[in-house]
Amino acid sequence: MTPGKLAIVVPCYNEQEVLPQSLPVLQKVLQQLIDKQLVKDDSKIVFVDDGSTDTTWSLIEQASHLNQAVAGVKLSRNFGHQGALLAGLSVVADADLTITIDSDLQDDPTAMIAMVEKYYEGNEVVYGVRNNRDSDSRFKRTTAEMFYKVMGFLGVNLVPDSADFRLLSQRATRVLLSYPEKNLFLRGLVPLVGFKSDKVYYRRHERAAGTSKYPLYKMLHFAIDGITSFSVAPIKLIMSLGLLIVGISLVLLIYTIIQKMRGDVVSGWSSLMVSIWALGGIQLICISVIGEYVGKIFNEVKGRPRFTIEKNLYNKTKNEQGEN
Ligand code: UDP
Ligand code: MG
C-alpha cells in the first residue's frame, strides 16, 4: 500500500476563538497519520474562511506561513457551511483522499485515523457517525430524530447521525463536485455518489470555544432545504390532501342541501366558519409548499456560482503565499 495525499478541509466562519485550539489538535492527528505512513508527508490541512468578519483569515494566513502543512482558502463572502465545504473540496481535487471536519472540535479528530484505515480497505466514502447526542439540547435531539424519520419516510437515503465529518476518495470527491445543484445538502448527495462505503463511530463533544453558527432559524431552513431538495413527496401529499378535502366537502354539500330542504338554514353558521378557516389554512400551507419548490427551481435556473474563491493559498508555493 502506497500512502496517498490527504487534504483535511475545515470550514470556518468567525472562528477566531476556536482556531487556536483546533489547529494544534488537527496538526497532531495529521502528524500521527504521516508517522504511521498512512498518508504522504505533503498532506495538508486546508481552512476555508467562509467570509468571516473577525480575524479568522489572518489566523489562517499566519498558520500557513508558519507551517508547510497548513493552507487556506478565502471565499469572497459568506456562502454557508455547505458552500464552504464544496469550495474546499474543489480546491483540493488533486488529493487522493479528503476529510471534511468542522473547526470547533465537536467531531473527534482522532477518528480520522480509523477513517483513513477504512479507505485503504477499499472504501471510497467513510461516514463519521456519532454514537452519542448528549452534547445536544433535548430540543435539538428530538428535532434531529424527527428530521431523519421524515426523510426516511420520504424515501431519502441518509446515514443517521452523520454530519459533515467524512472521508471521500478522489474519485468520490470528483463525482460529488460534478453534481450541478445550487441547493446544497451534502448529507443527501454523498450517498447518491455510490461506491463502497463504511462508517466510523465517534463521540461528539461540546464546541471547544465560540458559539454555534447554526441558530434555530438556520437549522430549520437547512431541514426544509434537505427535504425539498431531495423529495417531491410533499407535493404529492398536497394532492392527496386536496382530494380528501374535496371528498369531505362533497359530503358536507349533500348534508347542507338536505338541511336546507328541511328549512333548517341558520344553524349552518358555525360549520361554515370552521370550514372557511380550515380551508384557508390548508390552502396557505399548500401554496407555501409549492412556493418552496418554485423558489428552488428559480435558484437552480439562475445558475449562480455556489462559491467564489478570493484567495487560494493551497495551490501556491511558499514564496507566492507571502504576496497575498
Ligand atoms: N460554518 C461555515 N459557514 C457558515 C456557518 C458555519 O463555514 O455560514 C462552519 C463553522 O465555522 C463550523 C461548521 O461550519 O466549522 C459547523 O458550524 P457550527 O459548529 O456553528 O454548527 P453546529 O455544530 O452548532 O451545528
Ligand atoms: Mg459545531
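Residues numbered from 1 in each chain as written. Chains lettered and ligands numbered in written order. Predicted model: local features only at pLDDT ≥ 70, side-chain atom pairs only at ≥ 80, totals over all residues.

Attention now goes to the overall build of the chain. The helix and strand inventory of the chain stands at 11 helices and 8 strands. Compactness check: the chain gives a C-alpha radius of gyration of 25 Å against a globular reference of 20 Å for 324 residues, more than 25% above the reference. Reported as C-alpha extents along the three principal axes, the dimensions of the chain are approximately 90 × 40 × 35 Å. In the chain, buried positions account for 33% of the 324 residues. Contacts in the chain between residues at least 24 apart in sequence constitute 84% of all its contacts with a sequence separation of at least 6. (Helix = DSSP H or I, 4+ residues; strand = E, 2+ residues; numbered from the N terminus. Rg over C-alpha atoms; globule rule 2.2 N^0.38 Å. Buried ≥ 20, exposed ≤ 12 C-beta atoms within 10 Å, placed from the backbone. Contact = placed C-beta atoms within 7 Å.)

Where helix α1 (residues 19–35) meets helix α4 (residues 111–120), the axes come as close as 9 Å, and the angle between the chain directions of the two elements is 35°. Seen along the crossing, α1 lies across α4 with a hand that is right-handed. In this structure, α1 contributes Val29, Gln32 and Leu33 to the contact, and α4 contributes Met112, Ile113 and Val116. (Axes fitted to C-alpha atoms, helices over the stretch in contact; angles between N-to-C directions. Left-handed = near helix turned anticlockwise from the far one by under 90°.)

On to the site of ligand 1, then. In the neighbourhood of ligand 1, 16 residues make up the surrounding shell, with Pro11, Tyr13, Asp50, Ser212 and Lys213 lying closest. Looking at the shell around ligand 1, the elements that each hand over two or more residues are β1 (6–12) and α3 (81–91). In the shell around ligand 1, the residues fall into 5 nonpolar, 6 polar and 5 charged. (Near = placed C-beta within 6 Å. Nonpolar A, V, L, I, M, F, W, Y, C, P; charged D, E, K, R; others polar.)

What follows deals with the sheet that holds strand β4 (residues 97–100). As summarised here, the arrangement of the 8 strands in space is β7-β5-β6-β4-β1-β2-β3-β8, forming an open sheet in which the pairing is mixed. Two strands in the sheet have a free side with no partner beyond their single neighbour: β7 (197–202) and β8 (309–312). Across the sheet, the mean angle separating the axes of adjacent strands is 20° when strand polarity is ignored. In this sheet, β8 lies alongside strand β3 (residues 70–75) in antiparallel orientation, the contact comprising 3 bridges. When the bridges of β8 are listed, Leu75 appears paired with Ile309. Packing of α3 onto the sheet brings it into contact with β1, β2 (44–49), β3, β4, β6 (162–169) and β8, and relative to β1 it is tilted by some 155°. (Pairing = 2+ DSSP bridges.)

This part covers the domain arrangement of the chain. When its domains are assigned, the chain resolves into domain 1 (6–213 + 305–312) and domain 2 (232–302). The C-alpha-based centres of domain 1 and domain 2 are spaced at 44 Å. With 4 residues of domain 1 in contact, the opposing surface of domain 2 contributes 4 residues. The residue inventory of the side of domain 1 that touches domain 2, partitioned by class, reads 1 nonpolar, 1 polar and 2 charged. (Domains from an automatic or database assignment.)

The element α3 is largely enclosed, with a buried count of 10 among its 11 residues. All buried positions along α3 are accounted for by His81, Gln82, Gly83, Ala84, Leu85, Leu86, Ala87, Gly88, Leu89 and Val91.

Attention shifts here to the nonpolar core. One finds Ile8, Val46, Val48 and Val116 to be the most contacted residues of the largest nonpolar core, which totals 61 residues. Contact partners of Val46, with chain neighbours within four places excluded, come to Ala7, Ile8, Val9, Val10, Ala71, Gly72, Val73, Gly88, Val91, Val92 and Tyr314. (Core = buried A, V, L, I, M, F, W, Y, C linked by C-beta atoms within 7 Å.)

Within the secondary structure, Asp198 sits in strand β7. C-alpha of Asp198 to C-alpha of Val129: the two residues are 69 residues apart in sequence and 10.0 Å apart in space.

The next subject is unusual backbone geometry. Positive phi is not limited to glycine here, since Asn14 has a value of about 50°. Taking the C-beta count within 10 Å as the criterion, Asn14 has 18 such neighbours and is therefore assigned partly exposed. In this model, Phe195 sits at a positive phi of 70°, which is unusual for a non-glycine residue. The topology assignment puts Phe195 in the loop between α7 (186–193) and β7. Accessibility expressed as a C-beta count within 10 Å gives 13 for Phe195, which makes it partly exposed.

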